[in-house]
Amino acid sequence: MATIITITSGKGGVGKTTTSASIASGLAMRGFKTAVIDFDVGLRNLDLIMGCERRVVYDFVNVIQGDANLNQALIKDKHADNLFVLPASQTRDKDALTEEGVEKVLKELEHQGFDYIVCDSPAGIEHGAIMALTFADEAIVVTNPEVSSVRDSDRILGIIQSKSRRAIEGREPVKEHLLVTRYSPKRAHEGEMLTYTDIQELLRIPLLGVIPESEAVLHASNQGIPAIHQKDTPVADAYLDAIGRFLGEEHPLRFVDYEKPGLIKRLFGGK
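Let us look at the structure shown here. (Residues numbered from 1 in each chain as written. Predicted model: local features only at pLDDT ≥ 70, side-chain atom pairs only at ≥ 80, totals over all residues. Heavy atoms only, no water.)

**Focus on empty space enclosed by the protein**
Here the idea is plain: a probe the size of a water molecule rolls over the atoms and shows the empty space left.
Line of reasoning, step 1. Applying the stated criterion to the full structure yields one cavity of 30 Å³ or more.
Line of reasoning, step 2. Along its surface, the largest cavity is lined by G209, V210, A238, D241, R245, L253 and R254.
Line of reasoning, step 3. Elements represented by at least two residues in the lining of the largest cavity include exactly β8 (207-212) and α12 (234-246).
Line of reasoning, step 4. The element contributing the most residues to the lining of the largest cavity is α12, with three residues.
Line of reasoning, step 5. Here the lining of the largest cavity is built from residues that sort into three nonpolar, one polar and three charged. (1 Å grid on protein atoms, 1.4 Å probe; cavity = no way out; pocket = protein on both sides within 12 Å on 5 of 7 lines; lining within 4 Å. Points joined across faces, edges and corners; volume = space filled by probe spheres on them. Helix = DSSP H or I, 4+ residues; strand = E, 2+ residues; numbered from the N terminus. Nonpolar A, V, L, I, M, F, W, Y, C, P; charged D, E, K, R; others polar.)

**Remarks on the pattern of salt bridges**
Line of reasoning, step 1. Applying the stated criterion across every chain, the model contains 15 salt bridges.
Line of reasoning, step 2. Note that D47 is salt-bridged to R44, the shortest N-O span being 3.4 Å.
Line of reasoning, step 3. For R44, a relative accessible area of 13% translates into the label buried. (Salt bridge = Lys/Arg side-chain N within 4 Å of Asp/Glu carboxyl O. Buried < 20%, exposed > 50% of the residue type's maximum accessible area, 1.4 Å probe, protein only.)

**With respect to the layout of surface pockets**
Line of reasoning, step 1. By volume, the largest pocket amounts to about 450 Å³.
Line of reasoning, step 2. Looking at the lining of the largest pocket, the elements with two or more residues in it are α1 (16-29), β7 (175-183), β8 and α11 (215-223).
Line of reasoning, step 3. Looking at the lining of the largest pocket, the element that brings in the most residues is α1, giving four residues.
Line of reasoning, step 4. Among the residues forming the lining of the largest pocket, the class breakdown is nine nonpolar, 11 polar and seven charged.
Line of reasoning, step 5. When its volume is computed, the second largest pocket comes out at roughly 330 Å³.

**Here's the deal with the sheet that holds strand β5 (residues 116-120)**
Line of reasoning, step 1. The eight strands are arranged β3-β4-β2-β5-β1-β6-β7-β8 in an open sheet whose pairing can be described as mixed. The two strands at the open ends of the sheet, each matched to only one other strand, are β3 (75-76) and β8.
Line of reasoning, step 2. As paired strands, strand β2 (residues 34-38) and β5 are joined by five bridges and run parallel to one another. When the sheet's bridge partners are listed, T34 is paired in β5 with Y116.
Line of reasoning, step 3. Across the face of the sheet, helix α10 (residues 196-203) comes into contact with β6 (138-143), β7 and β8 while running at roughly 150 degrees to β7.
Line of reasoning, step 4. In this fold α12 packs onto β1 (3-8), β5, β6, β7 and β8, with an angle of close to 175 degrees to the strand it touches most, β8. (Pairing = 2+ DSSP bridges. Contact = heavy atoms within 4.5 Å. Axes fitted to C-alpha atoms, helices over the stretch in contact; angles between N-to-C directions.)

**Quick look at the packing of aromatic side chains**
Line of reasoning, step 1. Summed over the entire model, instances satisfying the criterion amount to five aromatic pairs.
Line of reasoning, step 2. Measuring from ring centre to ring centre gives 5.2 Å for F32 and Y116, while their planes differ by 85 degrees; the resulting arrangement is edge-to-face. Taken together, the residues F32 in the loop between α1 and β2 and Y116 in strand β5 connect sequence positions 84 residues apart.
Line of reasoning, step 3. The buried category is assigned to Y116, whose relative accessible area is 12%.
Line of reasoning, step 4. Summarising the aromatic geometry, the rings of Y116 and F246 are spaced 5.9 Å apart at their centres and angled 65 degrees between planes, so their arrangement reads as edge-to-face. Taken together, the residues Y116 in strand β5 and F246 in helix α12 connect sequence positions 130 residues apart.
Line of reasoning, step 5. F246 gets classed as buried once you look at its relative accessible area, which sits at 12%.
Line of reasoning, step 6. Among the aromatic side chains, those forming a connected cluster through ring pairs are F32, Y116 and F246.
Line of reasoning, step 7. Stacked on the ring of F114, the Lys or Arg K33 has its end atom at 4.5 Å from the ring centre. (Phe/Tyr/Trp six-rings, centres within 6.5 Å; stacked < 30°, edge-to-face > 60°. Lys NZ or Arg CZ within 6 Å of the ring centre and 35° of its normal.)

Shown next, in the form of structure tokens:
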């Protein structure tokens, strides 16, 4: 039975699509047959980050409306075996996503033997975001270490706990995970941003990982490569650790402690 993971956030620009691409890629790298779906109808960024924008012929809405079958719309990823991308439509309205249509696509993916279905949700609580959250088995809430982002994430948790299919049917709740992105240990140490422990204390859900602030994310996006493939970078290592924790492994948190540079390093330009 497929596990449906929704990557969500209350605020835009927190690295949610970057996270969707890396989480889906990481699961595929572990040998799981994985699909990642872009629910952001009208904008469509996932295919750019996955580097498959030129191969989009049919999209999620085409499948829902019967203009194409699922196999016609799925794009096989170039970087990881077992990974397939279902892009969003750039020309349709978000209302084109119906609960019945989304459920039909998810069930067909499950029938095709997918282990994980990763849903890249739009930010906030608009229609596409609600559709992405409705069928979630697990949710990864992505937040930056700033008060407005954390506050909006708290609102998203309320939506998950009240509007998901699991909540409506009185089943076991959606399993929630917290992922903190764009984290700077130095700035957190100096009080310029919230610490990851502050965020966890405010939201009170299990911490899946902390992704450090890094230019490697921008480089990866520009190259059409998920950040998890940027080998030997803290960002890739942090995402790999998060995948391990998601799968039940124990990994110590890295890239969260600030080490004050010594005198020699400060004299020669270290920060």
